[in-house]
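Summary of the model geometry
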Amino acid sequence: MEQPLDVQHLTVAYHNKPVLKDVTFSVPDSTLLAVVGPNGAGKSTLLKSILGLVPKTAGDVKLFGQPYRRVRRRIGYVPQRESVDWDFPTNALDVVLMGRYGHVGWVKRPGKRDKAIAMECLDKVGMADYAGRQISQLSGGQQQRVFLARALAQEADLYFMDEPFSGVDAATEAAILNILKTLNGEGKTVVVVHHDLQTVSEYFDWVLLLNMRKIAIGPTDVTFTPDNLQKTYGGRLTFVTKQTESVAKGG
């Protein structure tokens, strides 16, 4: 079986300024992976370049052994909430139905089964009662849940999520985590850009430490270490994990 994600020597530059440099890693099947690193480390750019949303300067990306365009139906994506135009005149159900276009095509209209799946996905994230609500009228946490439901409606095998926990309330964070654990339990692979170091060990079984270059990747219990965090963040970094409480000091 082909690995869900294989990245080889990926380099991305904006206006001739490197953002990612020679990044190589692979992700095994049924993995819940956190991508962590400081601001400007290229975390969001990594996801966008994998999905072809920004051009690569060099390197190669395979998803299930294929280029993204050949397996896009198997891929789900939740962008940063800040990158979405929430004033677009549509309701929550219609947003989730967009996740079905990979199955029905852009010409055909979603059928009864697609609408039933969309409602089921809204229910999974606790938003079924808001199906007819305009997305501009939803709170930030509710909007995030709707976009998560849209990704679920794709019925994908590999999910990319860009800071899904950012700026949400505790109830929404718990709901999102429950969905991640459920997807992982179903054998899905989920790659999440994550900013809260204190919850990495609790939420994720694998971690990728990134700062323009790959610092380390592997199971969280052996990779999320003071030494690797110091290499990733530098400076003075206080972090807490389930296993230990430490302070990594650097120059």
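Rules used in this analysis
- Residues numbered from 1 in each chain as written.
- Predicted model: local features only at pLDDT ≥ 70, side-chain atom pairs only at ≥ 80, totals over all residues.
- Heavy atoms only, no water.
- UniProt positions renumbered as here; feature names shortened; annotations may be inferred.
- Salt bridge = Lys/Arg side-chain N within 4 Å of Asp/Glu carboxyl O.
- Helix = DSSP H or I, 4+ residues; strand = E, 2+ residues; numbered from the N terminus.
- Buried < 20%, exposed > 50% of the residue type's maximum accessible area, 1.4 Å probe, protein only.
- Phe/Tyr/Trp six-rings, centres within 6.5 Å; stacked < 30°, edge-to-face > 60°.
- Lys NZ or Arg CZ within 6 Å of the ring centre and 35° of its normal.
- Pairing = 2+ DSSP bridges.
- Expected span 1.5 Å × (residues − 1).
- Arc of directions from axis to C-beta.
- Core = buried A, V, L, I, M, F, W, Y, C linked by side-chain atoms within 4.5 Å.
- Contact = heavy atoms within 4.5 Å.

- An unreviewed UniProt entry lists the protein under the name Manganese ABC transporter ATP-binding protein, from Novibacillus thermophilus.
- The annotation that UniProt attaches to the protein under Sequence similarities (unreviewed entry) is "Belongs to the ABC transporter superfamily."

Structural notes on the pattern of salt bridges
- The final tally for this structure, using the stated rule, is seven salt bridges.
- The shortest N-O distance in the salt bridge between Arg100 and Glu155 comes to 3.1 Å. One end of the pair, Arg100, is in the loop between helix H3 (92-97) and helix H4 (101-104); the other, Glu155, is in the loop between helix H6 (140-153) and strand S6 (158-162), and 55 residues separate them in sequence.
- Residue classification places Arg100 among the buried positions, given a relative accessible area of 1%.
- Accessibility expressed as a relative area gives 39% for Glu155, which makes it partly exposed.
- A salt bridge links Asp157 to Lys188; its shortest N-O distance comes to 3.4 Å. Here Asp157 is found in the loop between H6 and S6, whereas its partner Lys188 is found in the loop between helix H7 (170-185) and strand S7 (189-193), with 31 residues between them in sequence.

Some points on the packing of aromatic side chains
- The full count for this structure, using the stated rule, is two aromatic pairs.
- Considering the side-chain rings of Phe165 and Tyr203, the 5.4 Å spacing of their centres and the 40° angle between planes classify their relative orientation as tilted. Of this pair, Phe165 sits in the loop between S6 and H7 while Tyr203 sits in helix H8 (residues 200-203), and the two are 38 residues apart along the sequence.
- Look at Tyr203 and you get buried, because its relative accessible area is 8%.
- Among the aromatic residues, those joined into a cluster by ring pairs are Phe165, Tyr203 and Phe204.
- When the ring centre of Phe64 is taken as reference, the NZ or CZ atom of Arg74 above it lies at 3.7 Å.

Describing the pairing of strand S2 (residues 17-27)
- Bridge analysis of strand S1 (residues 5-14) against S2 gives seven bridges, and the strand direction is antiparallel. Paired with Asp6 across the strands is Ser26, a residue of S2.
- Once S1 ends, the chain turns through two residues before running back antiparallel as S2, passing His15 with a positive phi of about 50°.

Here's the deal with helix H5 (residues 112-124)
- Taking 1.5 Å per residue, 13 residues should reach 18 Å; H5 reaches 18 Å between its end C-alpha atoms and fits that length.
- What H5 keeps buried is the set Asp114, Ile117, Ala118, Cys121 and Leu122. The arc that holds the buried residues of H5, viewed along the axis, is 140°, so those residues lie on one side. In H5, the exposed residues that point more than 90 degrees away from the buried face are Lys112, Arg113 and Asp123.
- Trailing H5 by a residue or two, Gly126 shows a phi angle of about 75°, which is positive.

Some words on the nonpolar core
- Of all hydrophobic cores here, the largest spans 46 residues; its most connected members are Val96, Leu122, Val146, Tyr159, Met161, Leu180 and Val190.
- Broken down by element, the residue count for this core peaks at seven residues, all from H6.
- Sequence-distant contacts of Met161, that is, excluding residues within four places in its chain, are made with Leu47, Val78, Leu148, Leu180, Leu183, Val190, Val191, Val192 and Val193.
- Listed in part, the 27 residues of the second largest apolar core include Val7, Leu20, Tyr77 and Leu158.

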